[in-house]
Amino acid sequence: MKKLFGLCPECKKQELFMTEYKCLKIIMKTKNWIVCKNCDYVIQIEKLKNSLCCV
């Protein structure tokens, strides 16, 4: 697990960490998730990247 320096969009606390798991099936490969230790917020990294906007 890697701790992230960012605020959780749900509870606004700095308790985010990144985790990953590896699936045996070649189709799924490795999946990465961002999880908040304080609340139940979970988002897949790929979905987070798609929602980011650079200004």
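Residue indices follow the written sequence of each chain, beginning from 1 at its first position. Per-residue local features are limited, in this predicted model, to residues with pLDDT of at least 70; the limit for side-chain atom pairs, both in listing and counting, is 80 or more; totals at the level of whole chains, interfaces and linings are taken over all residues. Water and hydrogen atoms play no part in the side-chain values, which are based on all heavy atoms of the structure.

## Some points on the overall build of the chain
We apply this condition: A run of DSSP states H or I qualifies as a helix once it reaches four residues; a run of E qualifies as a strand once it reaches two. Both are numbered from the N-terminal end. Buried residues are those whose accessible area, probed at 1.4 Å on protein chains only, stays under 20% of the maximum for their type, while exposed residues exceed 50% and partly exposed ones sit between those limits. In what follows, a contact means two residues having at least one pair of non-hydrogen atoms within 4.5 Å.
Scanning the chain from terminus to terminus reveals 1 helix and 4 strands. Ordered by position from N to C terminus, the α and β elements of the chain give β-β-β-β-α. For the chain, the proportion of its 55 residues judged to be buried stands at 20%. Looking at the chain alone, contacts between residues at least 24 apart form 17% of all its contacts between residues at least 6 apart.

## What about the environment of Cys11?
Checked against the element boundaries, Cys11 lands in the loop between β1 (2–3) and β2 (16–22). Given a relative accessible area of 23%, Cys11 falls into the partly exposed group. Between the C-alpha atoms of Cys11 and Asn38, which are 27 residues apart in sequence, the distance is 7.5 Å. Setting aside residues up to four positions removed in sequence, Cys11 forms contacts with Cys36, Asn38 and Cys39.

Any link to function would need more than the numbers given here.
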